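# Architecture and fold: a report
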Amino acid sequence: MAEESVGERNRSNAFVVSARKRTLQKVAKTAGEGMLFSVAFLVAVIVLFIFYFVARDAIPFFQIRGFSEFFTSSNWYPADEPGEFGALAIIYGSLMVTLGSAMIAVPMGVAAAICLSDILPFSIRQYAKPVIEMLAAIPSVAFGFFALVVLAPLMQDHGGPLLMWAWWILVSPFLLLAVIVIADLLTANIKEEKRRQRRHWMLLIFLGLFSMILMFKVGFVLNGIQILTGTNALNVSLILSFMALPTIVSVSEDALQAVGRDIREGSYALGATRAETIIKTILPAASSGILAAVILGIMRALGETMVVWMASGNSSHIPQPWFNYLEAIRTLTATIAGDMGEADQVTGSARFHVLFAMGLLLLIISFISNLVSERIVVRQRKILSGQ
Amino acid sequence: MIKKLLLLGFFLSFAVGTAYADVKTLVLDGSTTVGPVAKSLATYFTKKYGVRVMVSESGSGNGAKSLINGSCTIAAMSRTMKDAEIAAARKKGVNPVAHVIAFDGLAMVVHPGNPVRSLSKAQISSIYRGTITNWKEVGGANARIVVIQRESNSGTQESFKELVTGKSMQITGSAETQSSNGAVKTRVSTTPSAIGFLGLGFVDRSVKVSAVNGVLPSIKTVKNGSYKVTRPLYLYTNGQPSGPVKQFIDLPNTVEGKAIISELGFVNR
């Protein structure tokens, strides 16, 4: 009985807040907001501090040596007396492996995300996504060790055949698709059914043969390539793309999921096929999220150090010819890691500051790409909302 | 819960405190070449005197830096300290004293399948300068040479330049850089057209040693001076050592210490 009456009293007072309670709530609200604000503020301040401290030690380098040597020469001899600090080849190497890993990881990652979110049944997705995300948990030194001890010798011993098979496996589905689509398009205008079918078959056979020849010709050229050194830009790009994949897959899959069932069903209701729905509706709607995923993945590749230090060969020269991914390269991150030991503040000044100059350059690159992606996301949103 | 954490923290701080207060721990940092010797000596030393020795291998340059900063008691180096390093040490009130513990031959190594048996110093110089780029120019197969060097804070790299190519020579930009003796060995043993250099103690059957000016490096040829690419290995201390530090430095003079050093492929002084 007593309990019931207490309950009733509480219920009757449920919407009436005492003055004391209100002040308490106000204090709690201000305190909570203040704490959140200070945490956010702290993060921003930390970023500024990093910029400040890196720049503070980077600027003396440019005061001592000027800008032109750093950006135009590829003579990297920091240990010599007097030293040379041309970082062009090193900057180029960084961009090269970043681009290479993006070219592998972005199409694969986005395709995998589409497959996970729109093609595979839910029961498989439940297991597949955590497994892909597991890739992110592998420490980079393990990746580097694999690249140095397994992948590098493999490339040296069976480089040509490996490249040939990779070419065949990657290109054959695209060629098949292209042949079918081109044949369809070229015969679409022919009215008479029998003639159209005959023409269609002829085109299929002709284009098929042509693409087969293309595939085999290029394949055999690749088969003849002898990879001289396994610690090269291709090796690093491959490993970096594996490291960037989980980020790209996971974040893009979230973006695709966020598009929502209503939009998908709307598209189907208008008579679109699944392919049309994915390409014309879901991908544009999720494009800002996918772009964010891509930028995150690329940043991962640009900033990665251990793998690059172990598997890139670390030779500071621009490959001959410039697009040759089968030569050893050197990156900014690996140079900072590798030259840190000797470049003591007390023993060599330009040598010490040049590493900070490289760090500053990396910071600026990532800052700019973040800004650019932000801009694109904003613009995309405007377009999508029809403004 | 909080009580437990506090208790844990108390004990941890106690443990850390004793670890630092304990003079019976020596910290040794530096050359990856000296690393194996230092580790074996340390194990023996701990057994004999009950003094713990922590050995890290971060390169000669880092060893010097650690000694200057006071973060190690003994710096292992495969080269002498540079003038700049000594000046920096003096500035911080550190007086580095060198002790030679052993000699080491610097072996030029190639892939076991490489037919080249001997190279002259001039040929090695040209290979590292980038003027010789194909093995057939020095009597090998027709294949481009993959040149492998060490990173800039390696004492082995400095000794190599000093003893073989000349200090002021610039090694070709297309030379690959590896960060330890072990990594160089791995790369050379798996790359058919590679050339690299290793401390003699690291050489095993996975790589082939090339003679330099017709002399193969071995304990004998290093000792009698006929193999010219030879350098002393140093332990540096702050001032003249005393106590356990002195005991450790003197270890290479004892019979057991000498046995440990020659067992690892290095040469007693």
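Anyway, here's the lowdown on the structure attached to this text.

Criteria and thresholds
- Residues numbered from 1 in each chain as written.
- Chains lettered and ligands numbered in written order.
- Predicted model: local features only at pLDDT ≥ 70, side-chain atom pairs only at ≥ 80, totals over all residues.
- Heavy atoms only, no water.
- Axes fitted to C-alpha atoms, helices over the stretch in contact; angles between N-to-C directions.
- Helix = DSSP H or I, 4+ residues; strand = E, 2+ residues; numbered from the N terminus.
- Parallel < 35°, antiparallel > 145°, perpendicular 65-115°, else oblique.
- Left-handed = near helix turned anticlockwise from the far one by under 90°.
- Nonpolar A, V, L, I, M, F, W, Y, C, P; charged D, E, K, R; others polar.
- Core = buried A, V, L, I, M, F, W, Y, C linked by side-chain atoms within 4.5 Å.
- Buried < 20%, exposed > 50% of the residue type's maximum accessible area, 1.4 Å probe, protein only.
- Contact = heavy atoms within 4.5 Å.
- Salt bridge = Lys/Arg side-chain N within 4 Å of Asp/Glu carboxyl O.

### Considering the packing of helix α6 (residues 140-187) of chain A against helix α7 (residues 193-223) of chain A
The packing of two helices is summarised by the inter-axis angle and the distance between the axes. Residues and elements named next belong to chain A. Where α6 contacts α7, the axes come no closer than 9 Å and their chain directions differ by 160°. Classified by the interaxial angle, the pair formed by α6 and α7 is roughly antiparallel. In this structure, the crossing between α6 and α7 has a hand that is right-handed. Grouping the constituent residues of the contact of α6 with α7 by class yields 20 nonpolar, 8 polar and 3 charged.

### Thoughts on the nonpolar core
Residues and elements named next belong to chain B. Judged by nonpolar contacts, the single largest core of 38 residues is most densely connected at M108, I124, Y128, F160 and I195. Sorting the residues of this core by element identifies β4 (96-110), α5 (121-129), β6 (146-150), α6 (155-165), α7 (181-190), β8 (194-199) and β9 (208-212) as the ones contributing at least two each. A per-element tally of this core places β4 first, with 5 residues. In this structure F160 touches L106, M108, I124, Y128, T165 and F197, once residues within four positions along its chain are discounted. Core analysis: the second largest hydrophobic core is formed by 24 residues, V37, L235, F248 and F266 among them.

### Comments concerning the packing of helix α2 (residues 35-49) of chain B against helix α9 (residues 243-250) of chain B
Residues and elements named next belong to chain B. Orientation of α2 relative to α9, taken along the N-to-C sense of each, is 125°, at an axis distance of 10 Å. One way to sum up the angle between α2 and α9 is to call them oblique. As α2 runs across α9, the sense of the crossing is right-handed. Touching A38, L41, A42, F45 and Y49 of α2 are P244, Q247 and F248, all from α9.

### Focus: the pattern of salt bridges
Summed over the entire model, instances satisfying the criterion amount to 18 salt bridges over all chains. Taking the shortest distance from any N to any O, the salt bridge between B:K167 and B:E162 comes out at 3.6 Å. Each of A:R125, A:K129, A:E253 and A:D254 takes part in salt bridges that share partners, so that together they form one network.

Keep in mind that these numbers describe shape and distance, not what the molecule does.
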